[in-house]
Amino acid sequence: MGRLYVILFTVFIFFLIPAAAGSAMDGSYLLNISINSTENVSFANHNESPMEGNWIKLSGGTPVTLPALNLVFNGVNNSNFTRNGKTINITASVDNYSDHLIEYPYSSHSIYTNVSGNNEMNLSFFGSSHFADLSIDIYLVSSTPDEVWDIINDAVDGNTTIFRNLLNDSLKRINYSLNSTGDNSSISFGSQQAGDYVIFVLLNSSHLTNPNDLSILSTTTVQVLKYESVVTAPTSAKTNYIVPVQIKLTDADQGNYIYGAILVHKDAYEATLRFEFNGTRDQTNLTIDGADLVEKGELTGINLTSLNTTKLQEIIETVIGPENGTVSFTDDTDSTSASFSLTTNDLNTGDYYLLVCAYESGERLVAFNQNIINIYTPSSSNGGGGGGGGGMSDEPENVEETVFLRIYLRAGDSATYNFNNVVTSVEVTPEKTYGLVAVKMEVLHGQPGSITTDPPNGVIYKYFNIFVGNLGWSEGKLSSSVIKFQVPASWFKENNIDPASVILYRHHDGNWQALKTTMTGQAGRYYQYSSPTPGFSAFMIMGSVGDSGDVEPVATPDLGTVAGSTPTPEATWISDKEIPGFGLMLGIMGILIAVYSGRK
């Protein structure tokens, strides 16, 4: 079975959605770790019964609707190895290489805030009848999933000392008696300060033959959020419209915050975690609706110590699919509020969950809010948009991809609108403070039909439109503007184009005007360029056959990723291209809601 397997198995089963399937070894336990045959650490079995499955159900605070969560395990069920001079035997009560499915039985999960009346941590334990009339010890530990990961590491190595010390140092330990059905519904840890907590339910040692044994019946992670938040958003929105969303932290100090907003269709608000293992590290994989979380034993860009918004956004977009939602993260900011412009273009109609959250540097999730927005198609509508997104394309059928962004423009400060396609960014410096200003960028299939001017000689790579503010708004209001873009190396090879010959043209006053274009380097499979522009309208990227330029690329490291893929303030991405994925659920955010795992 192997050490890594047990770590992942235990963490994802007992700390994300603590569940497993299959008949228990004696009807009550799922997993057992035997150390030198003198000490055992056992984990109770779980099933789909909300009243008999050995579940902890939180109450008090604010209930949050959870996505429908499923776990599938497929792998081996026995392993023996020696670690640090100790003989370890691990046994799981599942059939070899058969799918074992469990559905998490609760539809909501309580969250708490550091505010009187909202931080009362109450819970119930619903155990199986096997534990009827027995005594349990419930521990409230100030700890994080990161630390629990290390503790399990040690336990699998045969060292349970750190875990025992954690229990001994717990904030509270309460002894309760279970009733005739194995339950207790009157457990309370009272008011708690903001922070990360883990709750452990253990069978009292008086019921164990060996006092060195540990019998873990259930566990879950809990977080008391640092701030309340106020989210302003409409209750309904038309399709092909921009939904304005604002979040403001209540009584919060200025700090270093990252904000996120996710819109996901109710029908896609579900997730299946699939864990596969064949006994080796190289064949240990965990996916969420097909999106890799662990591949060949390694976390795929998600770790347990930092918030990787780029990877998080990638997974969420893959999981929910382009027709069922959108996601946006801001960059770091010292502001205690943020605004988003979430587009409903190409989204299915129906009810959507709006999840808005805030993270603080050095903390973890510090605020969370959940609303519902209905997206509908009006009986008679001309489409359109909102949010001051500039102009509209002359030919909607010519639009390949559209991006809306909004950023606060302050006098003299450079601001960057970041994108994730042919245009990597637009940098502007405003003459005055204009507040939130929207940009609309359209990647086009071909030359706009309204332009009759013949392009200059050369090979055309792409056409695109950029509108800043309302049509013509930016003229005279910006002291500088720079467009950065990228062209794939494959295009140069296929068309025998010299990368140094690329020029960005802007259509203005009836003519294609060449802009000064500089090759700035290469990132992964893309050449990168930069062009100052006196204004915004239609643009064209063109190259020439053969060696035709004296522009030398700036030596930059191969980043291995497409430039411009970093999430941006108020960024919402939509496309008529299929996002690779499985069209389901807001996977990682569902886990964040439930247990706030791995974010510190």
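This structure is a prediction, so every number in the text was calculated from the model and none was measured.

## A closer look at the overall build of the protein chain
Step number 1: Secondary structure assignment for the protein chain yields six helices and 39 strands.
Step number 2: The buried share of the protein chain, taken over its 600 residues, is 56%.
Step number 3: Within the protein chain, counting contacts between residues at least 6 apart in sequence, those at least 24 apart form 75% of the total.
Step number 4: Carbon and sulfur atoms provide 45% of the accessible area of the protein chain, an area that totals close to 23,800 Å².

## Some words on the pattern of salt bridges
Step number 1: In this structure the tally under the stated criterion is seven salt bridges.
Step number 2: The salt bridge partner of Lys 462 is Glu 400, with a shortest N-O separation of 2.9 Å. Residue Lys 462 is found in strand S32 (residues 459-468), and its partner Glu 400 is found in strand S28 (residues 399-409); the two are separated by 62 residues along the sequence.
Step number 3: Of the charged contacts, one joins Lys 440 and Glu 442 as a salt bridge, the two residues approaching to 3.3 Å between their closest N and O atoms.

## Comments concerning the packing of aromatic side chains
Step number 1: Applying the stated criterion to the full structure yields twelve aromatic pairs.
Step number 2: Ring centres of Tyr 257 and Tyr 259 lie 6.0 Å apart, and the angle between their planes is 35°; on these two criteria the pair is classed as tilted. Exposure class is identical for Tyr 257 and Tyr 259. Each is buried.
Step number 3: The ring of Tyr 106 has Lys 57 sitting right over it, with the charged end atom 4.4 Å from the ring centre.

## With respect to the nonpolar core
Step number 1: By size, the foremost hydrophobic cluster in this structure holds 36 residues, and its most contacted members are Tyr 417 and Ile 466.
Step number 2: Each residue touching Ile 466, except ones within four places of it in the same chain, is listed here: Val 426, Val 439, Lys 440, Met 441, Ile 483, Phe 536, Ser 537 and Phe 539.

## Things to note about unusual backbone geometry
Step number 1: The phi angle at Asp 133 is positive, at roughly 65°, despite the residue not being glycine.
Step number 2: When you line up the elements, Asp 133 lands in the loop between strand S10 (120-126) and strand S11 (135-142).
Step number 3: In this structure, Asn 496 is a non-glycine residue whose phi angle is positive, near 55°.
Step number 4: Of note, Asn 496 is situated in the loop between helix H5 (489-495) and strand S34 (503-508).

## A word on the pairing of strand S36 (residues 518-523)
Step number 1: As paired elements, S36 and strand S37 (residues 526-532) share five bridges and run antiparallel to each other. Looking at the pairing, Gly 521 lines up with Gln 528 of S37.
Step number 2: Connecting S36 to the antiparallel partner S37 that follows it, the hairpin turn spans two residues, and Gly 524 within it adopts a positive phi of roughly 60°.

## Here's the deal with helix H3 (residues 161-168)
Step number 1: For H3, the full list of buried residues reads Phe 163, Leu 166 and Leu 167. Projected down its long axis, H3 carries its buried residues within an arc of 95°, all on one side.

## Focus on the side chain of Ser 28
Step number 1: Mapped onto the fold, Ser 28 is located in the loop between helix H1 (3-16) and strand S1 (29-35).
Step number 2: Separated by 3.4 Å, the side chains of Ser 28 and His 130 make a polar contact.
Step number 3: Non-local contacts of Ser 28, meaning those with residues more than four positions away in its chain, are made with Ala 44, Asn 45, His 130 and Phe 131.

## A few points about the sheet that holds strand S19 (residues 257-265)
Step number 1: With mixed pairing, five strands are arranged side by side in an open sheet as S17-S27-S26-S19-S24. Edge positions in the open sheet fall to strand S17 (236-238) and strand S24 (325-329), since each of these has one partner strand only. Averaged over all pairs of adjacent strands, the angle between their axes in this sheet comes to 20°, without regard to strand direction.
Step number 2: Judged from the ten bridges that link them, strand S26 (residues 350-360) and strand S27 (residues 365-376) form a sheet pairing that is antiparallel. Bridge pairing in S27 links Asp 351 to Asn 374.

## Things to note about the sheet that holds strand S3 (residues 55-59)
Step number 1: Here we have three strands laid out as an open sheet, ordered S3-S10-S13, and antiparallel in their pairing. Bordering the open sheet on either side are S3 and strand S13 (183-191), each of which pairs with just one other strand. This sheet shows a mean twist of 25° between the axes of neighbouring strands, independent of strand direction.
Step number 2: Pairing geometry for S10 and S13, over six bridges, is antiparallel. Among the inter-strand pairings, Asn 122 is bridged to a residue of S13, identified as Ser 188.

## Looking at the environment of Asn 511
Step number 1: Here Asn 511 is to be found in strand S35 (residues 511-515).
Step number 2: Spatially, the C-alpha atom of Asn 511 lies 8.9 Å from that of Ile 451, the residues being 60 residues apart in sequence.
Step number 3: With sequence-adjacent residues up to four places away left out, Asn 511 is seen in contact with Thr 453 and Arg 506.
Step number 4: Within the structure, Asn 511 has its side chain in polar contact with the backbone oxygen of Asp 509 (distance 3.4 Å).

## Overview of the confidence of the model for the protein chain
Step number 1: Predicted confidence across the protein chain gives a mean pLDDT of 76, with 74% of residues reaching 70 or more.
Step number 2: The element-level mean pLDDT for the protein chain is lowest in strand S39 (residues 571-575), coming to 28, with strand S38 (residues 538-543) highest at 95.
Step number 3: Low pLDDT, under 50, characterises residues 301-305; the stretch is placed with 15 contacts to residues that sit more than four places away or in other chains.
Step number 4: Note on residues 380-392: pLDDT is under 50 here. Beyond four places in sequence and across chains, it has 27 contacts.

Conventions and cut-offs
- Residue positions are given per chain, counted from 1 along the sequence in the order it is written.
- Since the coordinates come from a predicted model, pLDDT governs what is reported: local features require at least 70, and pairs of side-chain atoms require 80 or more to be given and counted, while whole-chain, interface and lining totals use all residues.
- Side-chain numbers come from the whole structure's heavy atoms, not from hydrogens or water.
- Helical segments are the DSSP runs of H or I of at least four residues, strand segments are the runs of E of at least two, and each set is numbered from the N terminus.
- Buried means the residue's accessible area, taken with a 1.4 Å probe over protein chains only, is under 20% of the maximum for its type, while exposed means over 50%, and partly exposed covers the values in between.
- What makes two residues a contact is simply this: any of their non-hydrogen atoms within 4.5 Å.
- Each accessible area is a Shrake-Rupley estimate made with a 1.4 Å probe; only the visible protein chains count as cover when residues are assessed.
- When a carboxyl oxygen of Asp or Glu lies within 4 Å of a side-chain nitrogen of Lys or Arg, that pair is called a salt bridge.
- Between rings of Phe, Tyr and Trp, where Trp is taken as its six-membered ring, a pair exists when centres lie within 6.5 Å; planes separated by under 30 degrees are stacked, by over 60 edge-to-face, and by other angles tilted.
- Definition used: whenever NZ (Lys) or CZ (Arg) falls within 6 Å of the ring centre and also within 35 degrees of the ring normal, the charge is taken to sit over that ring.
- Throughout, nonpolar core names a set of buried Ala, Val, Leu, Ile, Met, Phe, Trp, Tyr and Cys residues whose side chains join them through atoms within 4.5 Å.
- Here the rule is simple: two strands pair whenever DSSP picks up at least two bridges between them.
- Arc, as used here, means the arc of the directions from the helix axis to the C-beta atoms.
- As used in this structure description, the phrase polar contact means that two N or O atoms lie within 3.5 Å; if the pair is within protein, one of them must be able to donate a hydrogen and the other to accept it, and residues adjacent in sequence are counted only when both atoms belong to side chains.
- All axes are obtained by fitting lines to C-alpha atoms, using only the stretch in contact for helices, and the reported angles, taken between N-to-C directions, cover 0 to 180 degrees.
- Confidence scores here are pLDDT values: one per residue, from the predictor, ranging 0 to 100.

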